[in-house]
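# Summary of the model geometry
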Protein chains: 2
Amino acid sequence: MNIQLALDRMTIPEAVRMARTVHDYVDWIEVGTSLIKEFGMESIRAIKREFPDKVIVADMKTFDNAKYEFELCFKAGADVATVMGAASPITVNTCIETAEAFGTTVMIDLLHTSLEQQAAILQYNQAVPCLHVSKDEQEHTGSMLQGRNPAGANALPEGQRFAMAGGITQKSLPGLLKFKPFILIIGSAITNAADPRQAAFEIRQVMNEFKERRVYE
Amino acid sequence: MNIQLALDRMTIPEAVRMARTVHDYVDWIEVGTSLIKEFGMESIRAIKREFPDKVIVADMKTFDNAKYEFELCFKAGADVATVMGAASPITVNTCIETAEAFGTTVMIDLLHTSLEQQAAILQYNQAVPCLHVSKDEQEHTGSMLQGRNPAGANALPEGQRFAMAGGITQKSLPGLLKFKPFILIIGSAITNAADPRQAAFEIRQVMNEFKERRVYE
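Since we're looking at a predicted model, the values are computed, not measured.

Each value, and the rule that gives it
Residues numbered from 1 in each chain as written. Chains lettered and ligands numbered in written order. Predicted model: local features only at pLDDT ≥ 70, side-chain atom pairs only at ≥ 80, totals over all residues. Heavy atoms only, no water. Pairing = 2+ DSSP bridges. Helix = DSSP H or I, 4+ residues; strand = E, 2+ residues; numbered from the N terminus. Axes fitted to C-alpha atoms, helices over the stretch in contact; angles between N-to-C directions. Parallel < 35°, antiparallel > 145°, perpendicular 65-115°, else oblique. Left-handed = near helix turned anticlockwise from the far one by under 90°. Contact = heavy atoms within 4.5 Å. Nonpolar A, V, L, I, M, F, W, Y, C, P; charged D, E, K, R; others polar. Buried area = accessible area lost by both parts, 1.4 Å probe. Salt bridge = Lys/Arg side-chain N within 4 Å of Asp/Glu carboxyl O. Polar contact = N/O pair within 3.5 Å; in protein donor to acceptor, adjacent residues only side chain to side chain. Buried < 20%, exposed > 50% of the residue type's maximum accessible area, 1.4 Å probe, protein only. Least-squares fit on C-alpha atoms with pLDDT ≥ 70 in both. pLDDT = per-residue confidence, 0-100.

Before going further, it helps to spend a moment on the sheet that holds strand β4 (residues 80-84) of chain B. Residue and element names in this part refer to chain B. Strand order around the closed barrel formed by 8 strands is β1-β2-β3-β4-β5-β6-β7-β8, with parallel pairing between neighbours. Ignoring which end each strand starts from, the neighbouring axes of this sheet average 25° apart. Note that β4 and strand β5 (residues 105-109) share 5 bridges and pair parallel. Following the sheet pairing, T82 is matched in β5 by M107.

Turning our eyes to something else, we now look at the packing of helix α1 (residues 12-22) of chain A against helix α3 (residues 42-50) of chain A. All names here are of chain A. At their nearest, the axes of α1 and α3 sit 10 Å apart, and the two run at 30° to each other. Considering the angle they form, α1 stands roughly parallel to α3. Here α1 and α3 pass one another in a crossing that is right-handed. Only E42, S43, A46, I47 and E50 of α3 make contact with α1, whose side of the interface consists of I12, A15, V16 and R20. When grouped by side-chain class, the residues that make up the contact of α1 with α3 number 5 nonpolar, 1 polar and 3 charged.

As a measure of interface size, the accessible area lost when the parts come together is often cited. In this complex, chain B contributes 38 residues to the contact, which on the side of chain A involves 38 residues. Counting the surface lost from both chain B and chain A, the interface buries some 3,200 Å², and carbon and sulfur atoms represent 58% of this. Joining chain B to chain A, the criterion identifies 2 salt bridges. Residue E69 of chain B is joined to K37 of chain A by a salt bridge in which the shortest nitrogen-to-oxygen separation is 2.8 Å. Our count for the chain B to chain A interface comes out at 26 residue pairs in polar contact (both at pLDDT 80 or more). For the side of chain B that touches chain A, the secondary structure elements donating two or more residues are α2 (33-39), β3 (55-62), α4 (66-75), α5 (89-102) and α7 (135-141) of chain B. Of all the elements, α2 of chain B adds the most residues to the side of chain B that touches chain A, at 6 residues.

The next subject is the pairing of strand β3 (residues 55-62) of chain A. Residue and element names in this part refer to chain A. Counting buried positions over the 8 residues of β3 gives 7, a clear majority of the element. Summarising the sheet, strand β2 (residues 28-31) and β3 pair through 4 bridges and their orientation is parallel. If you follow I29 over to β3, its bridge partner there is I56. Relative to strand β4 (residues 80-84), β3 runs parallel, the two being bridged by 3 bridges. Looking across to β4, one finds that A58 is bridged to A81.

What follows is about the relation of the copies chain B and chain A. Expressed as a screw transformation, the operator carrying chain B onto chain A has a rotation angle of 180° and an axial translation of 0.0 Å, and the superposed copies differ by an RMSD of 0.0 Å. Taken together, the turn and the small shift mark the pair as related by a two-fold rotation axis. Taking the C-alpha atom as reference, chain B places G40 of chain B closest to the rotation axis, 2.0 Å from it. The share of interface residues of chain B whose copies in chain A are also at the interface is 100%, consistent with both copies meeting through the same surface.

Quick look at the sheet that holds β4 of chain A now. In spatial order, the strands read β1-β2-β3-β4-β5-β6-β7-β8 (chain A); together these 8 strands close into a barrel with parallel pairing. Here the average twist between neighbouring strands, direction ignored, is 25°.

Glancing now at unusual backbone geometry. At H112 of chain A, a residue that is not glycine, the phi angle is positive and equals roughly 50°. Looking at the element boundaries, H112 of chain A is found in the loop between β5 (105-109) and α6 (115-121).

This brings us to the environment of R20 of chain A. Secondary-structure assignment places R20 of chain A in helix α1. In contact with R20 of chain A, other than residues within four places in its own chain, are E50 and F51 of chain A.

Okay, the confidence of the model for chain A next. Of all residues in chain A, 95% have pLDDT values of 70 or greater, and the mean over the chain is 93. Confidence metrics for the complex model read pTM 0.96 and ipTM 0.95.

To continue, consider the pairing of strand β8 (residues 183-186) of chain B. Residues and elements named next belong to chain B. Alternating residues of β8 divide into I183 and I185 and L184 and I186, and every residue in both groups is buried. Here strand β1 (residues 2-7) pairs with β8 via 4 bridges, running parallel. Within the sheet, the bridge partner assigned to Q4 lies in β8 and is I185. In this structure, strand β7 (residues 163-165) lies alongside β8, joined through 3 bridges in parallel fashion. Paired with A163 across the bridge in β8 is I183.

Written as structure tokens, this is what we have:
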């Protein structure tokens with residue numbers, strides 16, 4: 001289990017400062033879509049320059065022009081890039097092929113995908129599907145990724161690596177850990193906390209306690 | 001009927017030069033998704049600075065974080081921004097509301113949408129739906145937007161303003177004009193032509209001849 005810190009709605013210097021503040025407690029660092037669209041590939045280059053040993057995720061949310069977009073972000077230093085599962089299968093497939101050529105990883109965002117699309121996506125077992133409650137849903141309906149029955153989780157085959165994202169907090173974390181996600185994507189619960197380093201520390205602690213309990217159970 | 005010049009897979013200075021070369025023959029200028037993801041909002045600011053009187057389209061391809069992303073591009077100078085029709089209805093609706101607040105226009109990209117999604121999208125009659133064959137489909141299957149039966153065109157209600165995009169050339173143009181699109185989005189047929197100004201001139205001429213024929217018929 002890994003924590004992916006999502007950096008969104010901030011400037012590049014703010015993103016670098018935030019990542020410096022909490023990097024001890026996170027595994028992967030995500031350059032959010034909002035940073036990419038506001039500042040371009042420089043956002044990825046800046047984070048990779050500062051954290052060459054971290055796994056850097058480019059939340060490209062690619063929907064078309066897959067080879068070009070994925071080459072852009074891998075050349076800028078990304079180790080992982082996202083494509084929308086709702087895109088054409090040709091686009092998803094091109095992302096997989098491009099990542100293979102670079103020795104990098106594709107994260108497939110399941111946001112607003114049909115069951116049929118999810119089934120097709122799970123064929124790519126080298127990729128990491130991401131169960132995702134969107135920011136817009138969170139802000140308009142208060143919906144967060146919850147432990148009871150996160151959309152799509154039940155469809156995942158045993159042993160499939162996957163990510164979870166969408167308003168995850170210290171409070172919702174324990175309910176999600178039992179699904180054994182490979183990646184927990186956490187943004188504002190850290191970046192908007194009064195003390196981001198403390199928040200990241202606490203989230204890491206909850207995760208570590210969960211892992212230890214599982215060892216001694 | 002208007003021509004939207006799509007600028008993709010180039011640097012900002014190349015985009016500015018291209019737009020300068022052909023601006024006499026095009027109506028709207030689109031800052032393509034690839035420019036936005038590579039160079040951020042500076043790509044939109046640069047084109048708007050150079051062409052303050054043209055309608056500037058930001059091909060944001062928004063899928064989430066709608067208010068934030070749309071505010072970004074409208075503040076950078078965009079007059080029109082795109083959202084994916086495959087996104088959550090909450091996201092599409094937030095785009096519509098944000099554009100209303102700015103007095104701008106939403107283009108809804110129908111790429112890989114279901115018939116059900118298309119029907120919901122057509123409720124927004126102040127927006128411009130875009131019938132779209134993706135770059136990835138063009139490159140992998142040779143599929144282009146053709147005159148016979150462009151996906152979704154038949155579902156459009158009479159009088160609905162809409163755009164068409166996807167590998168449109170001088171050759172495929174006449175077959176598409178009969179659908180009376182409000183916007184024809186043309187990229188590589190102009191930007192990759194040996195003589196882009198001549199190509200844009202010829203496309204404009206085909207369109208003008210079509211209009212005249214309709215007047216005198």
